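Chain by chain, the residues:
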Amino acid sequence: ACTGIENIDEAITLLEQNNWDLVAAINGVIPQENGILQSEYGGETLHGPAYGPTGHSTAASSNPSSSSAFRHVVPSRQIVERQPRMLDFRVEYRDRNVDVVLEDTSTVGDIKHILENELQVPASKMLLKGWKTGDVDDSTVLKTLHLPKNNSLYVLTPDLPPPSSSHSGALQESLNQNFMLIVTHREVQREYNLNFSGSSTIQEVKRNVYDLTSIPVRHQLWEGWPPSATDDSMTLAVSGLSFPCHRLTVGRRSSPVQTREQSEEQCTDVHMVSDSDGDDFEDATEFGVDDGEMFGVASSALRKSPMMPENAENEGDALLQFTAEFSSRYGDCHPVYFIGSLEAAFQEAFYGKARDRKLLAIYLHHDESVLTNVFCSQMLCAESIVSYLSQNFITWAWDMTKEANRARFLTMCTRHFGSVVAQTIRTQKTDQFPLFLIIMGKRSSNEVLNVIQGNTTVDELMMRLMAAMEIFSAQQQEDIKDEDEREARENVKREQDEAYRISLEADRAKREAQEREMAEQFRLEQIRKEQEEEREAIRLSLEQSLPPEPKEESTESVSKLRIRTPSGEFFERRFLASSKLQVVFDFVASKGYPWEEYKLLGTFPRRDVTQLDPNKSLLEVKLYPQETLFLEAKE
């Protein structure tokens with residue numbers, strides 16, 4: 001009723017995390033700003049909204065024996081302090097954005113001090129704007145402003161001149177340049193030629209030199225840094241190094257016990273000896289133990305590089321370093337960590353075919369937990385665990401040691417799993433790490449099946465992995481069935497679509513063939529008509545050019561010709577005996593029988609008249625006084 005949590009498993013998990021302390025469990029979930037609730041059990045108080053109208057509190061106060069579970073706080077009661085909230089701020093300054101994460105018990109001045117280190121702007125020169133409640137001063141406590149989880153602010157610096165565009169361009173150019181550092185190791189007289197971009201920091205150079213020389217950063221004694229290089233967080237581009245090459249010398253501090261004069265001499269150049277960044281152990285020689293081994297453990301094993309770079313831009317590169325460092329610490333027999341972003345791990349685990357999907361295991365590492373070394377070496381690297389994870393899980397990892405990386409993961413967790421899971425991880429204490437999250441992908445969301453803490457055994461870890469796998473297998477079988485049914489429906493639809501397409505193509509081909517046939521018939525008909533028209537024109541022309549038929553009573557010699565057509569018809573005409581044979585040919589052509597296609601044959605004797613000279617007269621070719629001829633088509 002107080003928290004709105006309806007899932008009994010989630011409620012039991014929260015109670016277990018708070019050792020079954022009901023008040024503490026509710027304090028960790030419900031909003032903290034809207035009032036205070038008090039439990040009747042034991043007189044403890046609970047922060048949260050006051051339930052019921054004013055009359056309820058009056059009735060409760062007038063009746064001490066009332067069975068009401070909650071009532072308004074009596075000032076004399078003991079008040080339990082709530083856990084601080086973590087607030088996220090995105091602060092904009094000119095062309096930069098800075099992410100700040102801190103507790104709501106901090107002040108506005110604390111934000112300015114963090115920004116002072118990030119922006120290199122004095123806190124006294126900053127005006128921090130964007131507060132929902134108006135202007136505030138440096139002493140204002142954040143929780144009194146009742147801020148939401150995520151906030152956006154911006155910084156104004158009216159007392160500082162704007163940056164020169166030419167200076168900014170030169171700085172950007174120097175950040176993109178590569179510097180060649182020639183580093184001489186004093187003790188072994190060996191030189192190293194190292195290439196660094198202008199955006200690299202002095203601290204990164206010293207860490208790389210530590211890898212080459214085995215001299216921890218805190219014990220490196222340098223010569224050759226420019227006087228302006230006073231801060232290890234400074235980039236090489238602004239440190240004053242000579243471009244493109246710069247010579248440096250490094251050595252080991254001879255002894256931790258120094259004379260006062262030696263100490264003062266080394267302190268005159270603060271960048272010569274770097275402060276410890278928390279990753280390097282003190283030299284064993286300072287405690288009277290040999291440098292090669294301390295308490296039976298090799299000193300090289302004590303030098304731990306961070307599992308993951310802080311503020312890594314690319315999650316894939318961060319996971320590569322994590323895998324390499326994990327292998328160097330605990331050996332090569334370890335889970336195969338997915339290299340890529342958390343979104344890519346989701347894609348690999350959840351969004352393939354149902355038969356290929358797997359559970360997602362997220363390993364959250366913490367170097368400061370006392371359980372980490374035992375959990376990694378004895379449980380996470382056990383062959384049975386490694387084999388089971390590789391077969392059934394996609395394993396993704398993240399390092400929660402650095403606050404920036406922790407805040408980044410909590411942001412990803414809230415986005416993908418919701419605020420309840422993020423709150424569960426946020427409330428985990430350091431000694432409860434490492435954590436192992438088992439995630440199952442569902443149709444609309446991702447469900448956290450289990451959160452395994454570091455204080456477990458190999459058998460218990462395997463049992464919980466198998467239990468999660470059993471839940472996943474049942475869900476996977478349902479997904480496979482649904483997917484098979486969906487694919488069957490899609491196959492039927494594809495087959496129907498293919499049959500319909502083939503039918504359409506056949507109809508279209510048939511229609512196109514008919515259209516081509518009709519077009520060809522039309523073309524042939526047109527040609528035939530044109531030929532007939534041409535023949536008719538020729539026939540009429542020949543008919544008009546024929547000389548007139550002589551009369552029977554003509555005094556001139558007349559030849560009478562009777563011509564039989566291939567169809568059996570006859571036509572007759574009289575010609576002057578002096579007319580040329582060509583006139584007969586023209587007469588026959590005018591009747592539709594051109595001499596190019598037909599031959600004119602005589603009967604007695606049988607002869608082909610069309611083979612005779614057309615310029616000769618009828619008398620000369622012996623077609624006088626009368627003759628019967630017949631037409632025959634040429635072959």
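What you see is a predicted model; the values in this text were computed from it and never measured. (Residues numbered from 1 in each chain as written. Predicted model: local features only at pLDDT ≥ 70, side-chain atom pairs only at ≥ 80, totals over all residues. Heavy atoms only, no water.)

A. A look at helix α12 (residues 383–392). For α12, every residue scored as buried is listed here: Ile385, Val386, Tyr388, Leu389 and Asn392. Looking at the packing, one finds that the buried side of α12 touches β14 (359–365), α11 (372–380), β15 (393–399), β16 (435–441) and α15 (458–545). (Buried < 20%, exposed > 50% of the residue type's maximum accessible area, 1.4 Å probe, protein only. Helix = DSSP H or I, 4+ residues; strand = E, 2+ residues; numbered from the N terminus. Contact = heavy atoms within 4.5 Å.)

B. Structural view of the nonpolar core. Core analysis: the largest hydrophobic core is formed by 58 residues, its most contacted members being Leu360 and Trp396. If we skip the residues at most four places from it in the chain, leucine 360 touches Leu342, Ala345, Phe346, Ala349, Phe350, Phe393, Ile394, Trp396, Leu437, Ile438 and Ile439. (Core = buried A, V, L, I, M, F, W, Y, C linked by side-chain atoms within 4.5 Å.)

C. How the structure looks around the pattern of salt bridges. Applying the stated criterion to the full structure yields 29 salt bridges. Residue aspartate 88 is joined to lysine 149 by a salt bridge in which the shortest nitrogen-to-oxygen separation is 3.7 Å. Residue aspartate 88 is located in strand β4 (residues 86–93), and its partner lysine 149 is located in the loop between β6 (127–129) and β7 (150–156); the two are separated by 61 residues in the primary sequence. With a relative accessible area of 15%, aspartate 88 lands in the buried category. Looking at lysine 149, the relative accessible area reads 27%, which means it is partly exposed. The salt bridge involving aspartate 232 is made with lysine 206; its shortest N-O contact spans 3.1 Å. With aspartate 232 in the loop between β10 (220–223) and β11 (245–252) and lysine 206 in helix α6 (residues 202–213), this residue pair connects regions lying 26 residues apart in the sequence. (Salt bridge = Lys/Arg side-chain N within 4 Å of Asp/Glu carboxyl O.)

D. Summary view of the sheet that holds strand β20 (residues 598–602). Strand order in the open sheet formed by 5 strands is β19-β18-β22-β20-β21, with mixed pairing between adjacent strands. Among the strands making up the open sheet, the edge pair consists of β19 (570–576) and β21 (607–608). The pairing of β20 with β21 spans 2 bridges and is antiparallel. In the sheet register, leucine 601 faces β21, and the bridge partner there is aspartate 608. (Pairing = 2+ DSSP bridges.)

E. Quick peek at the packing of aromatic side chains. Per the counting criterion, the structure on display carries 20 aromatic pairs. Here the aromatic rings of phenylalanine 326 and tyrosine 337 are separated by 5.4 Å at their centres, their planes lie at 75 degrees, and the arrangement is edge-to-face. Of the two residues, phenylalanine 326 sits in helix α9 (residues 315–330) while tyrosine 337 sits in the loop between α9 and α10 (342–350), which places them 11 residues apart along the sequence. Accessibility expressed as a relative area gives 0% for phenylalanine 326, which makes it buried. (Phe/Tyr/Trp six-rings, centres within 6.5 Å; stacked < 30°, edge-to-face > 60°.)

F. Summary view of the state of the cysteines. Counted under the stated rule, the structure contains 0 disulfides. The structure places no disulfide on cysteine 333, whose sulfur is separated from the nearest cysteine sulfur, that of cysteine 381, by 6.4 Å. The exposure class of cysteine 333 is partly exposed, given its relative accessible area of 35%. (Disulfide = S-S within 2.5 Å.)

G. Representation of the pairing of β14. Among the 7 residues that make up β14, 7 are buried, leaving the element largely enclosed by the rest of the structure. Side chains Leu359, Ala361, Tyr363 and His365 of β14 all project onto a buried face; the interleaved residues Leu360, Ile362 and Leu364 project onto the opposite face, where all are buried too. Relative to β15, β14 is paired through 7 bridges, and the arrangement is parallel. What sits directly across from isoleucine 362, in β15, is tryptophan 396. Here β14 pairs with β16 via 5 bridges, running antiparallel. From the neighbouring strand, tyrosine 363 faces β16, where its bridge partner is phenylalanine 436.

H. Here's a closer look at the pairing of β19. Only one face of β19 is buried: it carries Phe571, Arg573 and Phe575, and the other face, with Phe570, Glu572, Arg574 and Leu576, is open. Across 7 bridges, the pairing between strand β18 (residues 558–564) and β19 is antiparallel. Opposite lysine 560, over in β19, you have arginine 574 as the bridge partner. Hairpin connection between β18 and β19: a loop of 5 residues separates the two successive antiparallel strands, and glycine 568 in this loop has a positive phi of roughly 100 degrees.

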